[in-house]
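# Remarks on the overall topology
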Amino acid sequence: MKLFIGLDVSLEKTAVCVISEHGKIVREAQVASEPEALLRWIGDQDGEAAAIGLEAGPLSQWLHRGLSAAELPVVLMETRQVKGALKAMPIKTDRRDAEGIARLLHLGWFRPVHCKSVSAQEVRAVLSARKAVQQGFITLEMSLRGLLRNFGLKVGTISRGRFEQRIRELAADNPMLEAATEPMLRARAALRRELAGLERHVRQLAQEDPVCRRLMSMPGIGAVVSLTYRSAIDDPGRFTSSKKVGPWVGLTPSRNQSGERDISGGITKAGDVNLRRALCQAATVMMHRGRATWLRTWAAKLARRRGTKRAMVALARRIAVILHRMWKDDTDFHFDTPVLHAG
């Protein structure tokens, strides 16, 4: 008997639902969220596992690797699609979610998601740490500005190097303000040192990776953007066409059509939000700074016709497509002629 097994993963326990090939619930249980525990439980079932599905999430890729190593037919399912299907259930519980995932597997109504390699996840961990430290650094600066503003003390526009000196000047001769700002300034200095160390590590990672060096031959693509792109795509061969990268990142217009209604709205915002932001930042840099290229000229013409914001999104989408083609073809960016035909 063929079995379709749905897993609803949480931190401690995973709700499991097993459905037969005829759509009948065979067994339900809760198992520890560990690959070994799941393997033992699945191995005790009477029947052959036709498909094991789990929604993409923080623990899902780790569990996916553990189950795949045992040569089980496990698939990661797209979060947006699973959530949309499970919304139809009037009562939401882990047990019902596991059943819903199993029925999606049984019907074949799911979209598989690529499970990233360990090296790609490690790079993403470094990038996430850099972003967290950077956000903490910026938050402290904004808090210091807001704290002094309550007393009419304005920091104003100032360089990062003179920020600490400026805060001390404003808080001078006021023991209470000095007591409030000094710990924050020391924390800011520590975060600044750690951020500088992470920046050096990120640049080193990009320079040591031949793919990142090739991607950085395009203007506007630095170490952070190249590493973000490389770790998000992971395997360029999973896209049959470079043009499919744009919709995957969520940089194509959304559409809502029914009967006489046909609405084209903003971008779909599907896929990796960090990659989408990185591409938009790269497009902004390319449009306003650096050496002129045929791609920048194309974006400038589009901006005159459709506006700067639309041109920036279109440029970000085209950058994503061209970077994929550069990666697959092992070619650097050509400044003068659009030899890469990417839509």
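Shown above is the structure to which this text applies.
Because the structure is predicted, anything quoted here is derived from the model rather than measured. (Residues numbered from 1 in each chain as written. Predicted model: local features only at pLDDT ≥ 70, side-chain atom pairs only at ≥ 80, totals over all residues. Heavy atoms only, no water.)

## Thoughts on the overall build of the protein
Quick reminder of the rule: A helix here means a DSSP run of H or I that spans at least four residues, while a strand means a run of E at least two residues long, and both kinds are numbered starting from the N terminus. Relative accessible area decides the class of each residue, using a 1.4 Å probe on protein chains only: under 20% of the type maximum gives buried, over 50% gives exposed, and in between gives partly exposed. Whether two residues are in contact is decided by their heavy atoms: any pair within 4.5 Å suffices.
Check the secondary structure of the protein and you find 13 helices and eight strands. With the C-alpha coordinates of the protein rotated into their principal frame, the extents come out at 75 × 60 × 50 Å. By residue count, 39% of the 343 residues in the protein fall in the buried class. Relative to all contacts within the protein whose residues are 6 or more apart in sequence, the contacts with residues 24 or more apart total 57%.

## Examining the side chain of Thr252
Inspection of the secondary structure puts Thr252 in the loop between helix H10 (245-249) and strand E7 (253-258). Judged by its relative accessible area of 18%, Thr252 is buried. When sequence neighbours within four positions are dropped, the list of residues in contact with Thr252 reads Gly246, Pro247, Gly266, Ile267, Thr268 and Arg317.

## Description of the state of the cysteines
The following threshold applies: When the sulfur atoms of two cysteines come within 2.5 Å, that pair is taken as a disulfide.
All told, the structure shown has zero disulfides when counted by the stated rule. Cys212 supplies the cysteine sulfur nearest to Cys115, a cysteine that is in no disulfide, at a spacing of 20 Å. Given the relative accessible area of 16%, Cys115 is considered buried.

## As for the sheet that holds strand E6 (residues 112-113)
Our working rule: What makes two strands pair is DSSP finding at least two bridges between them. Working convention: axes come from line fits to C-alpha atoms, limited for helices to the stretch in contact. Angles between N-to-C directions cover 0 to 180 degrees.
The sheet built from six strands is open, its strands ordered E3-E2-E1-E4-E5-E6 with mixed pairing. The sheet is open, and its two borders are formed by strand E3 (25-32) and E6, each paired with just one other strand. Across four bridges, strand E4 (residues 48-55) lies against strand E5 (residues 74-77) in parallel orientation. What sits directly across from Leu54, in E5, is Leu76. Lying over the sheet, helix H2 (residues 60-69) contacts strand E1 (2-9), E4 and E5, oriented at roughly 165° with respect to E5.

## Some remarks on the pattern of salt bridges
Condition: In what follows, salt bridge is the name for a side-chain nitrogen of Lys or Arg lying within 4 Å of a carboxyl oxygen of Asp or Glu.
Enumeration according to the criterion identifies 16 salt bridges in this entry. Among the salt bridges present, the one from Arg95 reaches Glu28, with a minimum N-O distance of 3.1 Å. Of this pair, Arg95 sits in helix H4 (residues 94-107) while Glu28 sits in strand E3, placing them 67 residues apart in sequence. Accessibility expressed as a relative area gives 49% for Arg95, which makes it partly exposed. For Arg168, the salt bridge goes to Glu164, with nearest N and O atoms at 2.4 Å. Here Arg168 and its partner Glu164 are both found in helix H6 (residues 160-171), four residues apart, which amounts to about one turn of the helix. Residue Arg168 is classed as partly exposed on the basis of its relative accessible area of 34%. By relative accessible area, Glu164 is classed as partly exposed at 24%.

## Things to note about the nonpolar core
Spelled out, the test is: To qualify as a nonpolar core, a set must consist of buried Ala, Val, Leu, Ile, Met, Phe, Trp, Tyr and Cys residues joined through side-chain atoms within 4.5 Å.
Within the largest apolar cluster, 36 residues are counted, with the highest numbers of intra-cluster contacts made by Met218, Tyr229, Leu279, Leu295, Ile319 and Leu323. Of all elements in the fold, only helix H8 (210-215), helix H9 (223-233), H10, helix H11 (273-288), helix H12 (294-306) and helix H13 (308-329) reach the threshold of two or more residues within this core. Examining the composition of this core, we find that eleven residues originate from one element, H13, more than from any other. Ignoring anything within four residues of it in the chain, the contact list for Tyr229 reads Leu215, Val245, Leu275, Leu279, Ala320, Leu323, His324 and Trp327. Formed by 18 residues, the second largest nonpolar core is a distinct cluster that contains Leu7, Ala37, Leu63 and Cys115.

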